[in-house]
Amino acid sequence: MITASTPGTRLNLIRASLRLDVIPSVNPDTTVEVSGGLAEVSYIYDPTPQLPTGWLRVGGTPSWRSIITLKLPRMIGGSPEVCGGGECQFDLTAAGLNLAELILTTRVTESPFEPSDTTRMDIRAVLHPEKIPKSPLGDLLAPDGATLPPEIFAQQSGSQVAISLTSLISDVLKSETVGDLPSSTIALLNSTEPGPLGFASFDGSEDAGAPVLRLVLTFAEKVSLP
């Protein structure tokens, strides 16, 4: 993105190129120069959309990414049905994980930045959270990502979007850390960056529809031989 620092500035861009030095994983001793494709597309809009203070934004131009840190307690309280009518505590690492889903709640995107087409959202691990916003990202955590129709951001709010994170949470529960379980930081981003002007909007941590991690667990007592 190129922006003018003073009003009334006019720029005639003759040519722009992007070249990357890439090290192939199959041949780490070789460096290959790769050129990125360019599309001649211009966007002019004023005013700019509001900053996402207290809520989550994904996509748009320039493209926004939202970061969520997941922190699981090792011990959780059981329901009366599980505990036989009383109160009890369970160690999550001793449970069988059947499903883990991140539940996001949509909010109406401000006009005129509502998505005009389906948004494809990817979920990736943040490899070095301490280096945000310049941390590299890992592989896809949810291979299918999330497919979001435009109407859930333009006409209504409160629609729930479920994203499977079973593989990630399973690795956390299998960790051999003593004490608190390690936290995991993930990034929500558009599958293609940058995309159209429209962006997806979700409730933040202080909203009624704050992100929730839903776990389906199996607790089984050990069976001892007589």
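The text that follows walks through the structure, step by step, so that each part is easy to find.

Calculation notes
- Residues numbered from 1 in each chain as written.
- Predicted model: local features only at pLDDT ≥ 70, side-chain atom pairs only at ≥ 80, totals over all residues.
- Heavy atoms only, no water.
- Phe/Tyr/Trp six-rings, centres within 6.5 Å; stacked < 30°, edge-to-face > 60°.
- Helix = DSSP H or I, 4+ residues; strand = E, 2+ residues; numbered from the N terminus.
- Buried < 20%, exposed > 50% of the residue type's maximum accessible area, 1.4 Å probe, protein only.
- Lys NZ or Arg CZ within 6 Å of the ring centre and 35° of its normal.
- Patch = residues over 30% accessible without salt bridge, like charges linked within 9 Å, V, L, I, M, F, W, Y side chains within 5 Å.
- Areas by Shrake-Rupley, 256 points an atom, 1.4 Å probe, with all protein chains shown as cover.
- Salt bridge = Lys/Arg side-chain N within 4 Å of Asp/Glu carboxyl O.
- Core = buried A, V, L, I, M, F, W, Y, C linked by side-chain atoms within 4.5 Å.
- Contact = heavy atoms within 4.5 Å.

## Things to note about the packing of aromatic side chains
Next, step 1: According to the stated counting rule, one finds three aromatic pairs in the structure shown.
Next, step 2: Ring centres 6.4 Å apart and planes at 25 degrees place the aromatic pair Trp55 and Phe199 in the stacked group. With Trp55 in the loop between β2 (32–35) and β3 (56–59) and Phe199 in strand β13 (residues 199–202), the pair connects residues that are 144 residues apart, well separated along the chain.
Next, step 3: Judged by relative accessible area, Trp55 falls into the buried class, the value being 14%.
Next, step 4: Ring geometry for Phe153 against Phe202: centres 5.7 Å apart, planes inclined by 85 degrees, an arrangement best described as edge-to-face. Here Phe153, found in helix α2 (residues 151–154), pairs with Phe202, found in strand β13; they are 49 residues apart in sequence, far enough to count as distant.
Next, step 5: Here Phe202 falls in the buried class, since its relative accessible area comes to 0%.
Next, step 6: Here a set of aromatic residues connected by ring pairs shows up, and it is made of Trp55, Phe113 and Phe199.
Next, step 7: A cation over an aromatic ring shows up here: Arg57 above the ring of Trp64, its NZ or CZ 4.7 Å from the ring centre.
Next, step 8: If you follow Arg57 out to its NZ or CZ, it ends over the ring of Phe199, 4.3 Å from the centre.

## A look at unusual backbone geometry
Next, step 1: For the bond from Thr61 to Pro62, the omega torsion is -5 degrees, close enough to zero to count as cis.
Next, step 2: Topologically, Pro62 is positioned in the loop between β3 and β4 (66–70).
Next, step 3: Following Ile132, the chain continues into Pro133 via a peptide bond in cis, with omega recorded as 15 degrees.
Next, step 4: Inspection of the secondary structure puts Pro133 in the loop between β8 (119–126) and β9 (137–140).

## Things to note about a nonpolar patch on the surface
Next, step 1: Together, Leu18, Leu20, Val22, Val32 and Val34 make up an exposed nonpolar region whose accessible area comes to about 370 Å².
Next, step 2: When contributions to the nonpolar patch are tallied by element, the ones reaching two or more residues are β1 (19–22) and β2.
Next, step 3: By the element assignment, Leu18 lies in the segment before β1.

## Focus: the nonpolar core
The tendency in soluble globular proteins is for nonpolar side chains to be buried as a group.
Next, step 1: The biggest cluster of nonpolar side chains holds 29 residues, and the ones touching the most others in it are Leu104, Met121, Leu148, Ile163, Ile186 and Phe202.
Next, step 2: Apart from the residues within four sequence positions on either side, Leu148 is in contact with Asp117, Thr118, Thr119, Met121, Phe153, Val161, Ala200 and Phe202.

None of this, on its own, says anything about what the molecule does.
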